[in-house]
Amino acid sequence: MTLETLCGYLESEQRVPRNAIVITVDDGYRDFYDIAWPVLREHSVPATLFVTTGFVSGDLWLWPDKISWILEHAGENNSVFQWQGLRIEENELKTNSPKIWKRLISFLLAVPDAEKHEVIAALADAWGLELPENAPERFAACTWEQLRELQAAGIEIGGHTVTHPTLGQVNSSHAELEIRDCRARLAEELGREPFSFCYPNGMPDDFSADLMKQVEKNGFRCAVAAFSDAAGMKHRFALRRHSSGNNWFQFCKAVSGVELIGHYLRGQARVHY
């Protein structure tokens, strides 16, 4: 079922059907339309796709992809790059490119949103690169027309902010604009007010009780995080999710319920609201 359907049960305090599953996908990349959607359609499986409206409109491309692009085009011989506590040594890309990507992402998630974009621009400049204005094809977003087609076929389109900031790294008024304007643009383009919201990155530090209230105040009816714990579906504006990616063992743990049972048995909740 879609997340909207699931939350309908939660709002009305009805028992959720046994073996219910919601497939959720973040960001709004075109590969959802090109690769995932044909498979879902063939098997009549609904899903919920959270989209970053500025990305879909072509106003920006997502910042983690900029890091990937920079590392791919930098070559192996590069000068030292330093920004506060971040340091990439000369020629380090020769052996540690995947580790550097992780290090950069972790660092950028922990700094204010405006500074994050300054660091990315400085990194490209230091290594003699000019970032493309538009997302390269492999990082491209769905179009609005494709999203309208998906919605008409039963895919729920949810909100994922306008510019994909880490909401814990912006002030309250900025967060308000990201949430409100995202919802307004989705309603304008798709002819239907979105039901569900997804916090970018979605870890415990990326949303708060105040942000949850903003999401609700701006008309969304539920929201999801990006981690799982014993809290499960206890709060409609902090619904936990089980990740899978390309790890088959993790996928089996998630869809079988084993991972959730483990959380319940240990009583682990990473954050409480």
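Below is a short write-up of the structure.

Definitions and limits used
Residues numbered from 1 in each chain as written. Predicted model: local features only at pLDDT ≥ 70, side-chain atom pairs only at ≥ 80, totals over all residues. Heavy atoms only, no water. Helix = DSSP H or I, 4+ residues; strand = E, 2+ residues; numbered from the N terminus. Rg over C-alpha atoms; globule rule 2.2 N^0.38 Å. Buried < 20%, exposed > 50% of the residue type's maximum accessible area, 1.4 Å probe, protein only. Contact = heavy atoms within 4.5 Å. Areas by Shrake-Rupley, 256 points an atom, 1.4 Å probe, with all protein chains shown as cover. Lys, Arg positive; Asp, Glu negative; His and termini not counted. Charge placed at Lys NZ, Arg CZ, Asp CG, Glu CD. Patch = residues over 30% accessible without salt bridge, like charges linked within 9 Å, V, L, I, M, F, W, Y side chains within 5 Å. Salt bridge = Lys/Arg side-chain N within 4 Å of Asp/Glu carboxyl O. Pairing = 2+ DSSP bridges. Phe/Tyr/Trp six-rings, centres within 6.5 Å; stacked < 30°, edge-to-face > 60°. Lys NZ or Arg CZ within 6 Å of the ring centre and 35° of its normal. Expected span 1.5 Å × (residues − 1). Bend = angle between axes of the 7 residues up to and from the residue. Core = buried A, V, L, I, M, F, W, Y, C linked by side-chain atoms within 4.5 Å. Polar contact = N/O pair within 3.5 Å; in protein donor to acceptor, adjacent residues only side chain to side chain. Right-handed = clockwise from strand over helix to strand, strands pointing away.

**A short note on the overall build of the protein**
Along its length, the protein carries 11 helices and seven strands. Relative to the globule expectation of 19 Å for 273 residues, the C-alpha radius of gyration of the protein, 19 Å, shows essentially globular dimensions. C-alpha extents for the protein along the principal axes are approximately 60 × 45 × 40 Å. Looking at the protein as a whole, 45% of its 273 residues qualify as buried. For the protein, contacts bridging at least 24 residues in sequence account for 69% of all contacts bridging at least 6. Carbon and sulfur atoms provide 50% of the accessible area of the protein, an area that totals close to 14000 Å². Separation between the mean location of the 27 positive side-chain charges and that of the 37 negative ones in the protein comes to 8 Å.

**Looking at a nonpolar patch on the surface**
Judged by side-chain polarity, Ile21, Ile23, Trp248, Phe251 and Val255 come together as a nonpolar surface patch covering roughly 470 Å² of accessible area. By secondary structure assignment, the location of Val255 is in helix 10 (residues 248–256).

**Overview of the pairing of strand 5 (residues 156–159)**
Neither face of strand 5 is exposed, since Glu156 and Gly158 on one face and Ile157 and Gly159 on the opposite face are all buried. As judged from the four bridges shared by strand 2 (residues 48–51) and strand 5, these two strands associate in the parallel manner. Paired with Val51 across the bridge in strand 5 is Gly159.

**Considerations on the packing of aromatic side chains**
This model, assessed by the stated rule, comprises seven aromatic pairs. Note on Tyr29 and Phe55: the rings are 5.3 Å apart at their centroids and 75 degrees apart in plane angle, and the pair reads as edge-to-face. Separated by 26 residues along the polypeptide, Tyr29 in the loop between strand 1 (24–25) and helix 2 (30–42) and Phe55 in helix 3 (residues 53–56) bring together distant segments of the chain. Judged by its relative accessible area of 2%, Phe55 falls in the buried class. The interplanar angle of 80 degrees and the centroid separation of 5.5 Å between the aromatic rings of Phe197 and Tyr199 together place this pair among those described as edge-to-face. Residue Phe197 shares its accessibility class with Tyr199, and that shared class is buried. The ring centre of Phe220 lies 5.5 Å from the NZ or CZ of Arg183, which sits over that ring.

**Side note on helix 5 (residues 93–109)**
The terminal C-alpha atoms of helix 5 lie 21 Å apart, and with 17 residues this falls more than 12% below the ideal 24 Å at 1.5 Å per residue. For helix 5, the principal kink sits at Lys99 and spans about 50 degrees.

**A short note on the pattern of salt bridges**
Per the counting criterion, the structure on display carries 15 salt bridges. With a shortest N-O distance of 2.6 Å, Arg87 and Glu89 are connected by a salt bridge. Of the residues examined, Arg87 reaches a relative accessible area of 38% and is grouped as partly exposed. Take Glu89: its relative accessible area is 37%, and that puts it in the partly exposed class. In this structure, Arg148 and Glu145 form a salt bridge, with 3.4 Å as the shortest nitrogen-oxygen distance. With Arg148 and Glu145 both in helix 7 (residues 144–152), this residue pair falls three residues apart, about one helical turn. Here the residues in one salt-bridge network are Glu145, Arg148, Arg185 and Glu189, joined through shared partners.

**Regarding the environment of Asn91**
Within the element layout of this structure, Asn91 appears in the loop between strand 4 (86–88) and helix 5. The class for Asn91 is partly exposed, based on a relative accessible area of 27%. For the pair Asn91 and Gly75, spaced 16 residues apart in sequence, the C-alpha to C-alpha distance is 9.0 Å.

**Re the nonpolar core**
Formed by 46 residues in total, the largest nonpolar core has its most connected members in Trp127, Leu147, Leu150 and Ile157. With six residues, the single largest contributor to this core is helix 5. Once residues lying within four places of it in the same chain are set aside, the contact partners of Trp127 are Ile70, Leu71, Ala74, Asn78, Ser79, Phe81, Ile88 and Leu93. The next biggest cluster of nonpolar side chains, apart from the first, holds 16 residues, and it includes Ala175, Phe197, Leu211 and Phe237.

**A short note on the side chain of Thr2**
Here Thr2 is to be found in the segment before helix 1 (3–11). Classification of Thr2 by relative accessible area gives buried; the value is 11%. Within the structure, Thr2 has its side chain in polar contact with the side chain of Thr5 (distance 3.0 Å). The contact partners of Thr2, leaving out residues within four places of it in the chain, are Val22, Pro46, Ala47, Thr48, Gly154 and Glu156.

**So, the pairing of strand 2**
Here strand 2 shows a buried face lined by Thr48 and Phe50 and a second buried face lined by Leu49 and Val51. The parallel pair strand 1 and strand 2 is bridged by helix 2, and the resulting crossover is right-handed.

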